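# Observations on chain architecture
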Amino acid sequence: MKQKYKGIICIVLSAFCFALMNVFIRMAGELPSVQKSFFRNLVAFFFALVIIKKEGVHFSGDRNNLVLLVIRSLFGTMGILCNFYAVDHLVLADASMLSKMSPFFAILFSYFLLKEKVSLVQGIAVAGAFVGSLLIIKPTGFDLTRLPAVIGLLGGLGAGVAYTFVRIIGKRGEKGPFIVCFFSGFSLLVMLPMLLASYQSMSIKQFAILMLCGLAAAGGQFSITAAYCYAPATEISVFDYSQIVFSAIFGFVLFGQVPDLYSWLGYLVICGMGIWMFLYQKREVHSA
């Protein structure tokens, strides 16, 4: 039970850190999303590099894994860029909620890529979560004001695909710190040309905020890794939705943001599907 409580504390801390990361993204002001993403990943890259050196982690040497690592990194980069854009243009809680669609997309792509069976409960949960995302997006034809919400949903899709490939790569022998380091380094190289093309000069304050953004992201990544070391996902994953609460509080206190009724309904539907799937998976584990 002590391990479980440690896992819960770590995953809630992770949710807090990622919500804080979104706050810093917003506070950095009118900078390109690519520029914000680049500095966020720059901090993560050096953190992962330190861990690799400390733990003596190396590439397995399997060249086939390189292709998988590149695909994981491409979708992960897409997820981050879309999420940063959504945070800049949406209510913080809306952007955070759309990013939490990633577990549902991971289920879909695990079915197509890993041939894992999808139960009726999981299928209903995925469909329900998609309905919840529509309540947040509120599509009304070709409305450019809702484009950031669609991009936010694409960010959740990118992260879901990336998580699926992380699972594939992990099964093929690559260690977590190396996967994180490869992804961070790859994304920096991919974003560098875009950064140079759209770079805007920053004040010392903006640079400091982006460094804090990177530190918050690293804190979230380390906390969530620790959480799943202490306890299985079936017991603690539902607490990751606390990020929505933190984001809603930060958004209201710092930016005066108040989600509308449809967004609140969307939160309830998606969180409800997440809790339902969590309880179902927990029951399956105990009955196995």
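These lines cover the structure that appears in this document, whether it is placed above or below. Keep in mind the model is a prediction, meaning the values are calculated, not measured.

Conventions we followed
- Residues numbered from 1 in each chain as written.
- Predicted model: local features only at pLDDT ≥ 70, side-chain atom pairs only at ≥ 80, totals over all residues.
- Heavy atoms only, no water.
- Salt bridge = Lys/Arg side-chain N within 4 Å of Asp/Glu carboxyl O.
- Helix = DSSP H or I, 4+ residues; strand = E, 2+ residues; numbered from the N terminus.
- Buried < 20%, exposed > 50% of the residue type's maximum accessible area, 1.4 Å probe, protein only.
- Axes fitted to C-alpha atoms, helices over the stretch in contact; angles between N-to-C directions.
- Parallel < 35°, antiparallel > 145°, perpendicular 65-115°, else oblique.
- Left-handed = near helix turned anticlockwise from the far one by under 90°.
- Nonpolar A, V, L, I, M, F, W, Y, C, P; charged D, E, K, R; others polar.
- Core = buried A, V, L, I, M, F, W, Y, C linked by side-chain atoms within 4.5 Å.
- Contact = heavy atoms within 4.5 Å.

### Structural notes on the pattern of salt bridges
As a working rule, side chains carrying opposite charge can pair if their charged atoms are close by. Counted under the stated rule, the structure contains 2 salt bridges. We note a salt bridge from Lys36 to Asp88, for which the minimum N-O separation is 2.7 Å. Residue Lys36 is located in helix α2 (residues 33-55), and its partner Asp88 is located in helix α3 (residues 63-89); the two are separated by 52 residues in the primary sequence. For Lys36, a relative accessible area of 0% gives the class buried. On the accessibility criterion, Asp88 (18% relative accessible area) is buried. For Asp62, the salt bridge goes to Arg172, with nearest N and O atoms at 3.2 Å. Separated by 110 residues along the polypeptide, Asp62 in the loop between α2 and α3 and Arg172 in the loop between α7 (147-171) and α8 (176-198) bring together distant segments of the chain. Taking relative accessible area as the criterion, Asp62 reaches 27% and is therefore assigned partly exposed. Relative accessible area serves as the criterion here: at 36%, Arg172 is assigned to the partly exposed category.

### Looking at the environment of Leu268
Among the secondary structure elements, Leu268 is positioned in helix α12 (residues 261-287). Residues Leu268 and Phe207, spaced 61 residues apart in sequence, show a C-alpha to C-alpha distance of 36 Å.

### Describing the packing of α2 against α8
It is at 8 Å that the axes of α2 and α8 come closest, and there the two elements cross at 150 degrees. Between α2 and α8, the angle falls in the class roughly antiparallel. Seen from above, α2 lies across α8 with left-handed handedness. Here the contact of α2 with α8 is built from residues that sort into 19 nonpolar, 7 polar and 1 charged.

### What to know about the nonpolar core
By size, the foremost hydrophobic cluster in this structure holds 51 residues, and its most contacted members are Met21, Met97, Leu98, Met101, Phe104 and Ile270. Counting residues per element, this core draws most heavily on helix α1 (residues 2-27), at 6 residues. Not counting residues up to four positions away in its chain, the partners in contact with Leu98 are Leu90, Ser133, Ile136, Ile137, Ala149, Gly152, Leu153 and Gly156.

These figures capture arrangement, not role.
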